[in-house]
Amino acid sequence: MQPRELRWETLAALRASSKGRLSYCRHWLRDEDILEGCMSPLVLSTYSGWVLDRVVGQSAPETAPSGCSTPKESPPLTNQSPSLEKVTSASCQGFSPLSSTEPSETKLLVLYSVTDFAYMLTAQGNEDLSLAEMDQEVFSTVLPSKVTEVEGCIRMYEEMHRLKGKEGLRQRQEQQEQMVRAVYDLASEQLKRFDELKELKQHQEFQDLQEVMEKSSKEAQGQQEKLKEEHRHRAKVLNLKLREAEQQRQRQEELERLRKEEGQERLRRLYSIQEEVLQLNQQIDPNYRHKDLPRIDLSAYSNRGNQICGLVSGLIRTTSERGFPTQADVANTERALQEMRGLISSMQQEIAVAVEEKRRRDEKEEREKQEELLKKEQQVKAQTPAPAQQSGGKQQKEGLQVKAEESTMQWYQQLQDAAEQCIASFSEISNCKDNNEVKKIKTDLQKAATIPVSQISTIAGSKLREVFDKINNLLSGKSVMSGGRTVSVTQHPQALDFVYYKLAEKFVSQGEEEVASHRDAAFPIAVVASGIWELHPRVGDLFLAHLHKKCPYSVPFYPALKEGTSMEEYQRMLGYQVKDSKVEEQDHFLKRMSGLIRLYAAIIQLRWPYGNKQGAHPHGLNYGWRWLAQMLNMEPLADVTATLLLDFLEVCGNALMKQYQVQFWKMMLLMREDYIPRIEAITDSVQMGSLKRFKKFLEKCLQQKEIPLPKGALQSSFWRS
């Protein structure tokens, strides 16, 4: 067989072996992974055929025919390594059948053994250096020199490639690091540029947004200033309009108030003129015949007086329908009043002439009688003066009292002392100028005590009961609401006495104000006061003290002018109101006294319907009977006595009639027969109006034998409303 053919067969055999299937390339550093050449098994390159041809050609004559040396043929090796023994034995065992083959087969065995041994050296080269050196020594002794040379070349080639791989790897790593650094620097620079660009864009957007916001803010501020200016202008215009409207309203109200005041003043003037005309007309009696002047006829005066009264009443009725009277209406009524006064003056002059003529005749007759009496007295000089003394004593008994009874004055003084003690008991509350808390309590208590009394009316019985319960709860120590706040007499130790005093004072004030203006108001006020009096007797005592101080005629008591007392003070003691040294008018004084007496007369006959009816009235009809009796036992006062007796009997006469019956009618006869002449004796022509009304009332009652029920009395249906 030719050597060339042997070479290719050897290569074919190597390729078919397990080692020949290994992949190996001289360019592995460029195509494969850097570490793969170190970790993967060795692979023959394409130059292996050329190497084998040279090695086999040189070693063929030198190879032994056996093709393999056994341990018996080789020199003994005392220090041969186990791995070398393993390789050698494996090689011999694997190729023992080829011992008698041709030289070409021997070459193949040697080549295979060399390659196998080189592979084993490569696989185990890193395990132990000393072992490798021993293997090399053994291998050098065992293998031929050509094998060693090939092995050295392989190792040199491998080392060269390993160094080249390491250098390439190092360069590759440096290139990679440079590339990474370059890429990192580039990326960093790009990131910086990107961040700068982004920041620039954000800054520009922020600047744009800020400019837009500033622009919109300026526009909004401008709009706001414009709106403010418009608002100020409109507010100024509205304020001017409101001020003008308010001034116009105030002017209208002032004009309306003045018009009403003038109208009311004119209306009051008309009423006063009408009252005076009626009073003057009452002085003209068509059936009047003077017992000493039978020839005087006053019917013409009476007819004209009635015509004047009708004219005045018609004017007042017409003006009431229109609203308020005009100045012309007042002038017409004043002319009618002047005419009535002239009529009365003419009548009085006619009567005066007749009376004067009659007086002269009477004086002449009296002188004649005196002369006759002197003659008779001379004849009876011897008679005793006892009868004259008895007659004088009888006249003294028949005279009336000027002062009140001593027991009555003691009762009056006790009530006044009780009122003074009550005032002293709440001195801390009354003198609370520096204590705001006590001042606040005082104000709340005064409102809680007085406001319910002002709310008393004849609207409904349920409303009246609410007022009574509110006053009773306050006096009983319970909390009540007043002005949106809770008030109780337990807030201060002196609060109860203060409320007692103010409540009694308010009841009396209602009498001289409300009852004086509206006479029907006496009954609802009286029934509440009577019920409170029954449950809280101290209120009744303080009520009487206030009443007696305001109206001494309710005692009855006529204060005397004492030495050292000023006229103003004396007028106040009589019940007059004095302001700035000016005493109130007589009509206003009589109106107030009338209201107080009407309230007193209503209280003594009324009781609270929801109270305890078993007990007696705290100040009942017996006190009214005593008052009436004492009034008739005292000398009358012009204009005052007749007014008070009339008001008292109009309110309380029916109840006294039912209570005292015959005794009451005897007293009525006494008033007509004895007391009215006494009033007439002290009353002048201007003050005859009240006396005329009182006389007319008495005659009507005596004629009918009945006292009518008072106007405005509370009926049973009222309490169901």
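Keep in mind it's a predicted model, so treat the numbers as computed, not measured.

Chemist: I'd like a description of the nonpolar core, backed by residues and values.
Modeler: With 105 residues, the main nonpolar core has Val528, Phe543, Phe648, Leu649 and Met668 as its most contacted residues. Considering each element in turn, this core owes the most residues, twelve residues, to helix α22 (residues 640-660). If near-sequence neighbours (up to four positions away) are discounted, phenylalanine 543 is found in contact with Ala504, Phe507, Val508, Trp533, Leu599 and Ile603. In this structure, Val277, Ile316, Val330 and Ile351 belong to the second largest nonpolar core, which totals 18 residues.

Chemist: Can you lay out unusual backbone geometry for me, pointing to particular residues and giving the numbers?
Modeler: Of the consecutive residues valine 555 and proline 556, the connecting peptide bond is found in the cis state with omega at -5°. Tracing the chain through its elements places proline 556 in the loop between α18 (537-550) and α19 (567-573). We note that aspartate 639 has phi near 75°; this positive angle belongs to a residue other than glycine. The buried category is assigned to aspartate 639, whose relative accessible area is 11%. In this structure, glutamine 661 takes a positive phi of about 50° despite not being glycine. Position of glutamine 661 relative to the elements: it lies in the loop between α22 and α23 (662-682).

Chemist: Any details on the confidence of the model for the protein? Residues and values, ideally.
Modeler: Summary statistics for the protein give a mean pLDDT of 76 and a share of 75% for residues scoring 70 or more. Here residues 380-398 is a poorly scored stretch, pLDDT under 50, and it has one contact once near neighbours within four places are set aside; other chains count.

Chemist: So what about the pattern of salt bridges? Which residues, and what values?
Modeler: Under the defined criterion, the tally for this structure stands at 30 salt bridges. The salt bridge partner of glutamate 174 is arginine 170, with a shortest N-O separation of 2.5 Å. Taken as a pair, glutamate 174 and arginine 170 lie in helix α8 (residues 145-282) at a separation of four residues, close to a single helical turn. For glutamate 174, a relative accessible area of 35% corresponds to the partly exposed category. You can call arginine 170 partly exposed: its relative accessible area is 35%.

Chemist: For α22, give the residues involved together with the corresponding values.
Modeler: Over its 21 residues, α22 runs only 26 Å from end to end, short of the ideal 30 Å by more than 12%, given 1.5 Å per residue. Along its length, α22 reaches its greatest deviation from straightness, about 65°, at cysteine 652. Among the 21 residues in α22, 17 count as buried, and that is most of the element. With its phi angle positive at about 50°, glutamine 661 sits one or two positions after the end of α22.

Chemist: Explain the packing of helix α15 (residues 461-475) against helix α16 (residues 495-517) residue by residue, including any values.
Modeler: Here α15 crosses α16 at 145°, and the two axes come no closer than 10 Å. Together, Ile471, Leu474 and Leu475 of α15 and Leu496, Val499, Tyr500 and Leu503 of α16 make up the contact between the two elements. Its residues assigned to classes, the contact of α15 with α16 comprises seven nonpolar, no polar and no charged.

Chemist: Quick one: what's the story with the packing of α22 against helix α24 (residues 688-704), residue by residue and with numbers?
Modeler: In a pair of packed helices, the angle between the axes and the distance between the axes together describe the arrangement. With their axes 8 Å apart at the nearest point, α22 and α24 run at an angle of 35° to one another. The interaxial crossing formed by α22 with α24 has left-handed handedness. Contacts between α22 and α24 involve Ala642, Thr643, Leu645, Leu646, Leu649 and Glu650 from the former and Ser690, Leu691, Arg693, Phe694, Phe697 and Leu698 from the latter. Across the contact of α22 with α24, the residue classes tally to eight nonpolar, two polar and two charged.

Chemist: Requested: an account of α15, with residues and values cited.
Modeler: In this model, α15 (15 residues) spans 21 Å end to end at C-alpha, consistent with the 21 Å of a helix rising 1.5 Å per residue. Within α15, burial applies to Gly461, Leu464, Val467, Phe468, Ile471, Asn472, Leu474 and Leu475. Axial view of α15: buried residues confined to an arc of 160°, hence all on one face. On its buried face, α15 is in contact with α14 (436-454), β1 (480-482), β2 (485-487), α16, α17 (522-535) and α18.

Cut-offs applied
- Residues numbered from 1 in each chain as written.
- Predicted model: local features only at pLDDT ≥ 70, side-chain atom pairs only at ≥ 80, totals over all residues.
- Heavy atoms only, no water.
- Core = buried A, V, L, I, M, F, W, Y, C linked by side-chain atoms within 4.5 Å.
- Buried < 20%, exposed > 50% of the residue type's maximum accessible area, 1.4 Å probe, protein only.
- Helix = DSSP H or I, 4+ residues; strand = E, 2+ residues; numbered from the N terminus.
- Contact = heavy atoms within 4.5 Å.
- pLDDT = per-residue confidence, 0-100.
- Salt bridge = Lys/Arg side-chain N within 4 Å of Asp/Glu carboxyl O.
- Expected span 1.5 Å × (residues − 1).
- Bend = angle between axes of the 7 residues up to and from the residue.
- Axes fitted to C-alpha atoms, helices over the stretch in contact; angles between N-to-C directions.
- Nonpolar A, V, L, I, M, F, W, Y, C, P; charged D, E, K, R; others polar.
- Left-handed = near helix turned anticlockwise from the far one by under 90°.
- Arc of directions from axis to C-beta.

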